[in-house]
Amino acid sequence: MDDLPPRCAQLLLSLYQSGDYTLFSQQTQLALQEVHRFDAGKPPYLLRILLGADLQFIAMTYDKQELQNVAIEMLICKQNHQLVELLRQAKILLDDIRP
């Protein structure tokens, strides 16, 4: 039996590690731009769910508890600047994962 992580986890990991969000839907891209543009304001709920769920899946697949914690914080963050900081933390943690 193959010990490799599921292909979808590998694809998500490479997408997030690349930092190239152009492969996300246009709606997600626009939401990410808004979050980076305005410090104040609450991040869109669907954006937090999308990012949190993706990162949670990657974290569970690769057994990365710290990344799971960041993903959970994304779900409950209240300000855009918090989400931007959590994305930075996630990127650092993702770069440490080797598929």
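Visitor: Teacher, can you tell me more about the overall build of the protein chain here?
Guide: Within the protein chain, the regular secondary structure consists of five helices and zero strands. In summary, the protein chain has a C-alpha radius of gyration of 13 Å against a globular reference of 13 Å for 99 residues, a match within 12%. By its C-alpha atoms, the protein chain is 50 × 25 × 20 Å across when sized along the principal axes. Scored against the burial criterion, the 99 residues of the protein chain give a buried share of 39%. Restricting the contact set of the protein chain to residue pairs at least 6 apart, pairs at least 24 apart contribute 63%. If you sum the accessible surface of the protein chain, you get close to 6,200 Å²; carbon and sulfur atoms cover 57% of it.

Parameters and conventions
Residues numbered from 1 in each chain as written. Predicted model: local features only at pLDDT ≥ 70, side-chain atom pairs only at ≥ 80, totals over all residues. Heavy atoms only, no water. Helix = DSSP H or I, 4+ residues; strand = E, 2+ residues; numbered from the N terminus. Rg over C-alpha atoms; globule rule 2.2 N^0.38 Å. Buried < 20%, exposed > 50% of the residue type's maximum accessible area, 1.4 Å probe, protein only. Contact = heavy atoms within 4.5 Å. Areas by Shrake-Rupley, 256 points an atom, 1.4 Å probe, with all protein chains shown as cover.

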